[in-house]
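If you want the building blocks of each chain, they are given just below.
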Amino acid sequence: MSKEQSGIVKAWEATVRKSQAAARRRAHSIFATMSVAHADDDDSVSGHASGEVYHAEKVLSNGDFYTGQWSDNLPHGHGKYLWTDGCMYVGEWVRGKTNGKGRFSWPSGATYEGEFKAGYMDGKGTYTGASGDTYKGSWIMNLKHGEGTKSYANGDYYEGDWRRGFQEGQGRYQWKNGNHYIGQWRNGMISGNGTMIWANGNRYDGVWEDGLPKGNGTFRWADGSFYVGMWSKDPKEQTGTYYPSGSPTGHMEWDPQELFSVELNDCKINPGENVSILPLQKMLNWPGLDGEFLQKQPIWKPSKGNDGSVRPRRMSVDGRVNYHSWEGDGDVSFDIVDGNSLMGRDVDEGLGSLQLEDPDLTETRQQQIRLQPMKRQGETISKGHKNYELMLNLQLGIRHSVGRPAPSTSLDLKSSAFDPKEKVWTKFPPEGSKHTPPHQSSDFRWKDYCPLVFRTLRKLFKVDPADYMISICGNDALRELSSPGKSGSFFYLTNDDRYMIKTMKKSEVKVLLRMLPAYYNHVRAFENTLVTKFYGLHCVKLTGAAQKKVRFVIMGNLFCSEFAIHRRFDLKGSSHGRTTDKPEAEIDATTTLKDLDLNFIFRLQKAWFQEFCRQVDRDCDLLEQERIMDYSLLVGLHFREAPGTRTPSGIRTPTGIRTPTGIRTPTGNGDPDIDGAAPRLSGVDMDKLLLDRRSSIRLGINMPARVEKTVRRGDETQLIGEPTGEFYEVVLFFGIIDILQDYDISKKLEHAYKSFQFDPTSISAVDPKQYSKRFRDFIFRAFTEDT
């Protein structure tokens, strides 16, 4: 250290001692000692020109000290600030706010080193607490959010997703004693589907709620015996069956309640430590920011409902109260108040005063943005619904099929596994049987088609059996989509939107079984295939007078995403009848538009576009070889609310975004200017929160891209319009669907009949080879490389 630097530090230390003595005598707000004070001089007095960056050293009136680059009477560039309470920041500044890379340290010994934005811990960074807890990962506005790891002082360790300051999403928690949990989290607690593995080899696979098993699950001992049932801490709700392994040391006397009272005793989640003051809270009063920065800093207060009552406050994992409210799943609201009354309170580590908008974006985005959950598609099948019993039968059958013990198999299947006669019938009497549980539905029979093949497909698609069973057969009901498809099939969605169930005609079942060997080899060879993922093929046969058979296939839902799908297109490359039949006023985010409704060109990054072209060719070769036609490319668009971008005029998003054209889109809550007094987290930040999460980007899934708007001039049957040069940032989802229609006699007759009336090249029903060529030609015009 130079003599000059040593003198500065000694002078600062002396000032600190005097200021701290004075601070103890102060009785008003904590910000009397925490605020950044006014400098004693300004640039006009010091002779520096406006905008000039120069080195300055400032001992401020309250005893704080700054040394570093300075411009227009504000820190700007690299600099160090020391507060009289012992806090220190060293790093980059932009117009008086920490912005860029830096290091903030507290007098307790805690430190944060990483990226800052507009005064917030934002980006990648590492927080080390005074007790030794260390979090390393993503932050957004002082919140741990995204992918991160946390090492606890007691030896525990967490790795996985964070959301709004808490573990949420997929994560792995390792205890010091060797126990570990892998699975879903919510609000800092084990919740959802997951697996707990104890150091002694025992494990529980199933559903969790608020840190405890709740719902369907299996407890397995190291010796191979297991207990399957419905779990609850309330013994009256606990039901299940014990399956011994044949070992001499059985567990026949084991009480399932021991899982709660004994097994989980050593599996407590460490809440971590709290930090009392966040960096942003110490940067409010730079000279030059008066009347600008203060106005943009919301301060938490307890939110009130319309009746004046205080809303329930969110409790942290250690019991502290956070003075903000999280409304729904993804909505953030808070109230702006004047004054500093709440700033002295402790807040959870990583939680602080969120600001409504990034100040740098406020000039370009003046409109208030509020994000609300999309209205969910479909009608919940509850008791009294005409298909309620069918749903119960389906869930009972799936639970039986997936839960049935089966030896592990390699991916190399024998040809006999694909034999259409390879099917298993199971009777489900209401009173139950040796292999089936009692149930409240009517007597029925259940059929599994090629069970080994579909079990192996699920393994190939990395579908966890417990996850799959709980999504379809858990406590939540299925949802029936409002109207059957053109084929007369009905569609059902699982509550978590992950799986779609479609009823099938006998002819479609035959096509799927016929093409199953080629389909299996194809999806095994090409991981990025765009064709529909099939997870199971089943049949329910009702006994009695009706003797009704319902066949159905279980598929992946392409649009299962946290991104709202604002536009969806079903594209075939044909023009006859390829427009939506809805009036313009009724078109919304759930409307599936068709070829002649398409008004965009999709632009993919070079590497993705090349892979896209290769995969479309491979998939079309498979379908052509199997004599399949009438398939389409289903495309979903999420318009990103990114800085400097726009949502297209006329796009009705269900999130209530006010577009730059001034058109407010519906929020579903009455007049948004009246009923939304509390500002919400902006669309920009919400997209950032979602994109920063550990959701893998794959071909056709979560793909950031650009679209260019097109217009049709003159010829309304023109499939691809003319580019306008108007671009939008989007997240794309796409896949090839409806792949079970072969070119049978009915389609040949349809082709012959329609060819007399219309241009034969414009109709959908054409020979598979011609269909494949036309489909590719069209798709490779609608999708292009982003140059």
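Participant: Explain the overall build of the protein to me, and be specific about the residues and the numbers.
Facilitator: Helix and strand counts for the protein come out as 14 helices and 36 strands. By the burial criterion, 51% of the 787 residues in the protein qualify as buried. Taking the contacts inside the protein whose residues are at least 6 apart along the sequence as the reference set, 55% of them involve residues at least 24 apart. Surface exposure of the protein reaches about 35,900 Å², of which carbon and sulfur atoms provide 51%.

Participant: Tell me what's going on with the packing of aromatic side chains, and back it up with residues and numbers.
Facilitator: Overall, the coordinates contain 50 aromatic pairs when judged by the stated rule. Judged by centre distance (6.4 Å) and plane angle (45°), the rings of Tyr-66 and Tyr-81 are tilted. With a gap of 15 residues between them, Tyr-66 in strand E2 (residues 65-71) and Tyr-81 in strand E3 (residues 74-82) connect regions that are remote in the sequence. Per residue, the accessibility class of Tyr-66 equals that of Tyr-81, and both read buried. An angle of 85° between the planes, with centres 4.8 Å apart, marks the rings of Trp-221 and Trp-254 as edge-to-face. In this pair, Trp-221 sits in the loop between strand E15 (212-220) and strand E16 (226-231) while Trp-254 sits in the loop between strand E17 (239-243) and helix H4 (258-261), placing the two residues 33 residues apart along the sequence. For the pair Trp-221 and Trp-254, a shared accessibility class is recorded, and that class is buried. Against the face of Tyr-135 rests Lys-144, its NZ or CZ located 5.6 Å from the ring centre. Directly above the aromatic system of Phe-226 lies the positively charged group of Arg-220, at a separation of 5.1 Å from the ring centroid.

Participant: How would you explain helix H14 (residues 768-782) if you had to name every residue and give the values?
Facilitator: The end-to-end C-alpha distance of H14, which contains 15 residues, comes to 21 Å, matching closely the 21 Å that a straight helix rising 1.5 Å per residue would cover. Among all positions of H14, only Pro-768, Tyr-771, Ser-772, Arg-774, Phe-775, Arg-776, Phe-778, Ile-779 and Ala-782 are buried. Lining the buried residues of H14 we find strand E30 (567-571), strand E32 (600-604), helix H10 (606-625), strand E33 (632-639), strand E35 (722-737) and strand E36 (783-785). N-capping of H14 is provided by Asp-767, with a side-chain oxygen placed 2.9 Å from the backbone N of Lys-769.

Participant: Go over the sheet that holds strand E29 (residues 549-556) with me, naming the residues and quoting the values.
Facilitator: Strand order in this open sheet of 8 strands is E22-E25-E26-E27-E29-E28-E24-E23, and the pairing throughout is antiparallel. In this open sheet, the two strands that pair with only one neighbour each are strand E22 (379-380) and strand E23 (423-428). Strand direction decides the pairing type here: strand E25 (residues 479-480) and strand E26 (residues 491-493), joined by 2 bridges, are antiparallel. Paired with Glu-480 across the bridge in E26 is Tyr-492. With respect to the sheet, helix H6 (residues 388-403) is in contact with E23, strand E24 (444-449), E26, strand E27 (499-504), strand E28 (534-542) and E29, its orientation differing from that of E24 by roughly 50°. Most of the contacts of helix H7 (residues 451-460) go to E28, to which it runs at about 140°, and overall it touches E23, E24 and E28.

Participant: Residue-level account of the pattern of salt bridges, with values.
Facilitator: The tally for this structure, following the rule as stated, stands at 20 salt bridges. As a salt-bridge pair, Glu-168 and Arg-163 come within 3.5 Å of each other at their nearest N and O atoms. Between Glu-611 and Arg-614 there is a salt bridge; the shortest N-O distance is 3.0 Å. Placement of the pair is Glu-611 and Arg-614 together in helix H10, with a separation of 3 residues, close to one helical turn. Look at the salt bridges and you will find they share partners, linking Asp-617, Asp-621, Glu-624 and Arg-776 into a network.

Participant: I'd like a rundown of the sheet that holds strand E31 (residues 592-593), residues and numbers included.
Facilitator: Taken in spatial order, the 7 strands line up as E31-E30-E33-E35-E34-E32-E36 in an open sheet, and their pairing is mixed. In this open sheet, the two edge strands, each paired with only one partner strand, are E31 and E36. Bridge count between E32 and E36: 3 bridges; the pairing is parallel. Bridge assignment links Arg-603 to a residue of E36, and that residue is Thr-784.

Participant: Before we move on, can you summarise a positive patch on the surface with the specific residues and values?
Facilitator: Taken together, the side chains of Lys-421, Lys-423, Lys-506, Lys-510 and Lys-549 present a region of like positive charge at the surface. A relative accessible area of 51% means that Lys-506 is categorised as exposed.

Participant: Hey, could you go over the confidence of the model for the protein for me, with residue numbers and the actual values?
Facilitator: When pLDDT is averaged across the protein, the result is 74; 68% of the residues are at 70 or more. Here residues 22-40 scores under 50 on pLDDT; set against residues more than four positions off or in separate chains, the count is 47 contacts. Across residues 288-373, where pLDDT falls below 50, the model places 218 contacts with residues more than four positions away in sequence or in other chains.

Participant: Give a description of the pairing of E16 that names residues and reports values.
Facilitator: Pairing analysis gives 6 bridges linking E15 to E16, with the strands arranged antiparallel. Counted as the bridge partner of Thr-218 is Val-228 from E16. Hairpin connection of E15 to E16: 5 residues between the antiparallel strands, including Gly-224 at a positive phi of 100°. Bridge count between E16 and E17: 5 bridges; the pairing is antiparallel. Bridge pairing links Tyr-227 to Tyr-242 in E17.

Participant: Account for the nonpolar core, naming residues and giving values.
Facilitator: By size, the foremost hydrophobic cluster in this structure holds 99 residues, and its most contacted members are Phe-602, Phe-612, Leu-732 and Phe-783. Considering every element that reaches this core, the biggest residue donor is helix H9 (residues 506-525), with 9 residues. Not counting the four nearest positions on each side in its chain, Leu-732 is found in contact with Phe-602, Leu-604, Val-635, Gly-636, Leu-637, Gly-700, Ile-701, Asn-702, Met-703, Ala-705 and Phe-783. Ala-56, Trp-175, Trp-221 and Leu-264 belong to the second-largest nonpolar core, a separate cluster that totals 41 residues.

Participant: Account for the packing of H9 against H10, with residues named and values stated.
Facilitator: At their nearest, the axes of H9 and H10 sit 10 Å apart, and the two run at 165° to each other. On the basis of their axis angle, the class for H9 and H10 is roughly antiparallel. Once H9 is placed against H10, the crossing between them reads as right-handed. Packed against H9, whose contacting residues are Met-515, Ala-518, Tyr-519 and His-522, the element H10 presents Gln-615, Arg-618, Asp-619, Leu-622, Leu-623 and Gln-625 at the interface.

Analysis parameters
Residues numbered from 1 in each chain as written. Predicted model: local features only at pLDDT ≥ 70, side-chain atom pairs only at ≥ 80, totals over all residues. Heavy atoms only, no water. Helix = DSSP H or I, 4+ residues; strand = E, 2+ residues; numbered from the N terminus. Buried < 20%, exposed > 50% of the residue type's maximum accessible area, 1.4 Å probe, protein only. Contact = heavy atoms within 4.5 Å. Areas by Shrake-Rupley, 256 points an atom, 1.4 Å probe, with all protein chains shown as cover. Phe/Tyr/Trp six-rings, centres within 6.5 Å; stacked < 30°, edge-to-face > 60°. Lys NZ or Arg CZ within 6 Å of the ring centre and 35° of its normal. Expected span 1.5 Å × (residues − 1). Polar contact = N/O pair within 3.5 Å; in protein donor to acceptor, adjacent residues only side chain to side chain. Pairing = 2+ DSSP bridges. Axes fitted to C-alpha atoms, helices over the stretch in contact; angles between N-to-C directions. Salt bridge = Lys/Arg side-chain N within 4 Å of Asp/Glu carboxyl O. Patch = residues over 30% accessible without salt bridge, like charges linked within 9 Å, V, L, I, M, F, W, Y side chains within 5 Å. Lys, Arg positive; Asp, Glu negative; His and termini not counted. Charge placed at Lys NZ, Arg CZ, Asp CG, Glu CD. pLDDT = per-residue confidence, 0-100. Core = buried A, V, L, I, M, F, W, Y, C linked by side-chain atoms within 4.5 Å. Parallel < 35°, antiparallel > 145°, perpendicular 65-115°, else oblique. Left-handed = near helix turned anticlockwise from the far one by under 90°.

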